Amino acid sequence: MLATWTPDQELNQVRLRSGADMKRKLQWYDLIALGVGGMLGVGVFVTTGLVAHSIAGPSVFISYIIAGVSALLSSLCYTEFSVQIPVAGGAFSYLRVTFGEFVGYFAGANILMEYVLSNAAVARSFTDYLCRTLGENDPNCWRIEVEELMKGYNMLDFPAVALVLLLTLCLCHSTKQSSILNLIMTVFHVVFFGFIIIAGFYKGSGKNLVRPGGLAPFGVKGVLKGAAKVYFSYIGYDSVSTMAEEIQNPSKSLPVGIVGSMLIVSLLYCLMALSLCIMAPYNEIPKVASFSVVFEKIGWGWASNLVGAGASLGIVASLVVAMLGQARYLCVIARSHLVPSWLAKVHPSTGTPLNATLFLGICTALIALFTELEIVFDMISLGTLMVFYLVANALIYRRHVITSCHRPLPTLLFLILLSFASLGFSISWKLDKWWGSALFSCLAAVATASFHHMVPFCGGGDLQWSVPLMPWPASASIFLSVFLMSTLNVMSFQRFGIWACVISLFYVLYGVHSSYEAEEMEKEVWERTGS
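Residues numbered from 1 in each chain as written. Predicted model: local features only at pLDDT ≥ 70, side-chain atom pairs only at ≥ 80, totals over all residues. Heavy atoms only, no water.

**Student:** In this structure, what is going on with the overall build of the protein? I would like to understand it.
**Tutor:** Each helix and strand in the protein was counted, giving 19 helices and 2 strands. For the protein, the residues scored as buried account for 60% of the 531 residues in total. When contacts within the protein are restricted to residue pairs at least 6 apart in sequence, those whose partners lie at least 24 apart make up 83%. For the protein, the exposed area adds up to about 20300 Å²; of that, 69% sits on carbon and sulfur atoms. (Helix = DSSP H or I, 4+ residues; strand = E, 2+ residues; numbered from the N terminus. Buried < 20%, exposed > 50% of the residue type's maximum accessible area, 1.4 Å probe, protein only. Contact = heavy atoms within 4.5 Å. Areas by Shrake-Rupley, 256 points an atom, 1.4 Å probe, with all protein chains shown as cover.)

Right, here's the structure in full:
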């Protein structure tokens, strides 16, 4: 459970279990397009209206800024790992080589949960906007209601299922062709975003930002709770790191692709949210298909249909990227035999993880058929923040223990103290104890400064790309991740607890035994070959 792998083993020995190699055809511009396309459709069309109407008000754009800063810090951690360990496993591989098999498996299972749920939610949102495109005012007009099912699961969405299955078949065929399709859609999508932003600022009024109730009618807590909700919107950049085995020059292309796409998307999100709140008072912004409805409210009916079409296109682009990423995560987890190994097979002619793509596509389609958006939002954000929290911890530990050859105890004590300070700040904030918030934030800053001075990083010359000003960015990522998790509702933690128990039980009953047997068999083969 605690055994770690070396990067060389991940890059060579483990990767051979897939049979054929994935084909290296992607460039840095493909990665930026994949990152931008993956995030844009997911977030701004799905979460902005809901958060503006019920959680943050007109200050939703500030929520996007806060979530964007947290996601940018996490993306820096991902980038350093992805350059040093350019395999398709993303956070699963990074955590497995740092903290051992179980932590890597736990993170990988949560990433898969996050991807499948978010893709299902986004596919259902596609139906909402497609209805608006075709002039239908009722977003449920193409869904079938089944009264015998529980509320929230009783609106069957067959267009969403058809979209997911169609994209699954496309992704089984070719990564490069899927990337070209995404690049074309992303270019049109960014132009379309520009139209919405310009039209919003042209037709809107600044008065809508302060009425009714001011810029932040739900207070600072509403803004921060909104940041945790819209964190859902930044799912997608980590899928770029899962393309590492298909990139021609990973050490140069990955930093540009991950960080570049994050900066572009953060700017567009803020401007889009601002334009939406300028066009209509927050209490008149609908939760579903918000951009289409708001354009109709300002008298631009033709633009409402155009926005519906553009949003539908953006959602398709984001699904392409997310479904690419989820299949590669499962492929690498299956290489470790933590799940059935047939999911790791790469098709020799297409160079794609065919079995993993088909399996997760079917799972996504089944969830999209039944489950409403609001049920999965908090669960997705919680799972995402948990994984980003673990990756930031892993980067500090890897730098100061594995690379620098320091004793692990000082680094572990620092990470525990930092997490404790972050949790203390979050609880104090919830209880309106300002002195506690000040005390714990100072404790986190002092602990980071002391650790930086007492446990210096050595060996930076061996890194092809590294996060600047370490350990401050990773420490800030840990602090923000814990804080944003604390703003989510209790129900999401209960659902997450059940999910954690299920995947842990699966690991104990199947994964740990299967991976151990695979390693023993592989050792015997190597010994016979060597002799």
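Now that the structure is up, let's keep going.
**Student:** Where do I start with the pattern of salt bridges in this structure?
**Tutor:** If charged atoms from side chains of opposite charge come close, those side chains can pair. Under the definition given, this model contains 3 salt bridges. Close ionic contact of Asp 157 with Arg 143 constitutes a salt bridge, the shortest N to O distance being 2.7 Å. With Asp 157 in the loop between strand S2 (155-156) and helix H7 (158-173) and Arg 143 in the loop between helix H6 (101-133) and strand S1 (144-145), this pair connects stretches of sequence that are 14 residues apart. In this pair, the class of Asp 157 matches that of Arg 143, namely buried. Residue Lys 221 is joined to Asp 432 by a salt bridge in which the shortest nitrogen-to-oxygen separation is 3.0 Å. Placement of the pair is Lys 221 in helix H9 (residues 219-230) and Asp 432 in the loop between helix H16 (408-430) and helix H17 (434-454), with a sequence separation of 211 residues. On the accessibility criterion, Lys 221 (36% relative accessible area) is partly exposed. The exposure class of Asp 432 is partly exposed, given its relative accessible area of 43%. (Salt bridge = Lys/Arg side-chain N within 4 Å of Asp/Glu carboxyl O.)

**Student:** It is not clear to me how empty space enclosed by the protein should be interpreted in this structure. Could you clarify?
**Tutor:** Any empty space left between the atoms is revealed when a probe the size of a water molecule rolls over them. Taken as a whole and assessed by the stated rule, the structure comprises 1 cavity of 30 Å³ or more. Roughly 50 Å³ of volume is contained in the largest cavity. Looking at the largest cavity, it is lined by 10 residues, and the ones nearest its centre are Phe 45, Ser 125, Lys 287, Val 288 and Ala 289. Top element by residues in the lining of the largest cavity is H6. It accounts for 3 residues. For the lining of the largest cavity, the per-class residue count stands at 6 nonpolar, 2 polar and 2 charged. (1 Å grid on protein atoms, 1.4 Å probe; cavity = no way out; pocket = protein on both sides within 12 Å on 5 of 7 lines; lining within 4 Å. Points joined across faces, edges and corners; volume = space filled by probe spheres on them. Nonpolar A, V, L, I, M, F, W, Y, C, P; charged D, E, K, R; others polar.)

**Student:** Help me understand the packing of helix H4 (residues 60-84) against H9 in this model?
**Tutor:** Helix-helix packing is described using two parameters, namely the angle between the two axes and the distance between the axes. Where H4 meets H9, the axes come as close as 8 Å, and the angle between the chain directions of the two elements is 60 degrees. By the angle class used here, H4 and H9 are oblique. Crossing hand, H4 versus H9: right-handed. In contact with Ile 62, Ser 63, Tyr 64, Ile 66 and Ala 67 of H4, H9 contributes Val 223, Leu 224, Gly 226, Ala 227 and Val 230. A class-by-class count of the residues in the contact of H4 with H9 yields 8 nonpolar, 2 polar and no charged. (Axes fitted to C-alpha atoms, helices over the stretch in contact; angles between N-to-C directions. Parallel < 35°, antiparallel > 145°, perpendicular 65-115°, else oblique. Left-handed = near helix turned anticlockwise from the far one by under 90°.)

**Student:** For this particular structure, what's the right way to read unusual backbone geometry?
**Tutor:** Keep in mind that most residues, glycine aside, have a negative phi and that most peptide bonds are trans. Cis geometry marks the peptide bond from Met 470 to Pro 471; its omega dihedral reads 5 degrees. Looking at the element boundaries, Pro 471 is found in the loop between H17 and helix H18 (472-486). In this model, Leu 469 sits at a positive phi of 60 degrees, which is unusual for a non-glycine residue. On the secondary structure map, Leu 469 appears in the loop between H17 and H18.

**Student:** Explain H4 here, please?
**Tutor:** Note that an α-helix has 3.6 residues per turn; residues three or four places apart therefore point the same way. Helix length check: H4, at 25 residues, gives a terminal C-alpha distance of 36 Å against a target of 36 Å (1.5 Å per residue), a fit within 8%. Burial within H4 is extensive, with 19 of its 25 residues counted as buried. (Expected span 1.5 Å × (residues − 1).)

**Student:** Please explain the packing of H4 against helix H5 (residues 91-99) as it appears in this structure.
**Tutor:** Orientation of H4 relative to H5, taken along the N-to-C sense of each, is 75 degrees, at an axis distance of 10 Å. In terms of their interaxial angle, H4 and H5 are classed as roughly perpendicular. Contacts between H4 and H5 involve Tyr 78, Phe 81 and Ser 82 from the first element and Ala 91, Tyr 94 and Thr 98 from the second. In terms of residue class, the contact of H4 with H5 is made up of 4 nonpolar, 2 polar and no charged.

**Student:** Whenever I open this one, the layout of surface pockets confuses me. Can you help?
**Tutor:** By volume, the largest pocket is sized at about 680 Å³. Contributing to the lining of the largest pocket are 26 residues, with Ala 109, Leu 112, Met 113, Val 116 and Trp 499 lying nearest its centre. Secondary structure elements with two or more residues in the lining of the largest pocket: H6, helix H13 (301-335), helix H14 (354-370), helix H15 (373-403) and helix H19 (490-530). Broken down by element, the lining of the largest pocket gets its largest block of residues, 6 residues, from H6.

**Student:** Before we go on, may I ask you to explain the nonpolar core in this structure?
**Tutor:** Grouped burial of nonpolar side chains is what soluble globular proteins tend to show. Residues Phe 45, Tyr 78, Tyr 234, Phe 291 and Phe 295 are the most contacted members of the largest nonpolar core, which totals 165 residues. Excluding anything up to four places from it in sequence, Phe 295 contacts Ile 196, Ala 199, Met 279, Trp 300, Gly 301, Ala 303, Ser 304 and Val 307. (Core = buried A, V, L, I, M, F, W, Y, C linked by side-chain atoms within 4.5 Å.)

**Student:** Help me understand the packing of aromatic side chains, please; the structure alone is not making it clear to me.
**Tutor:** Under the criterion given, the structure shown has 22 aromatic pairs. Taking the centre distance of 5.2 Å and the plane angle of 80 degrees together, the rings of Trp 429 and Trp 434 count as edge-to-face. With a relative accessible area of 55%, Trp 434 lands in the exposed category. The structure contains a cluster of three or more aromatic residues connected by ring pairs, namely Tyr 78, Phe 81, Tyr 94, Tyr 231 and Phe 388. (Phe/Tyr/Trp six-rings, centres within 6.5 Å; stacked < 30°, edge-to-face > 60°.)

**Student:** What is the right way to read the environment of Tyr 64 from this model?
**Tutor:** For Tyr 64, the position within the fold is in helix H4. Taking relative accessible area as the criterion, Tyr 64 reaches 0% and is therefore assigned buried. A sequence separation of 20 residues divides Tyr 64 from Val 44, and the C-alpha atoms of the two residues are 9.6 Å apart. A polar contact of 2.7 Å, which involves the side chain of Tyr 64, links it to the side chain of Thr 48. (Polar contact = N/O pair within 3.5 Å; in protein donor to acceptor, adjacent residues only side chain to side chain.)

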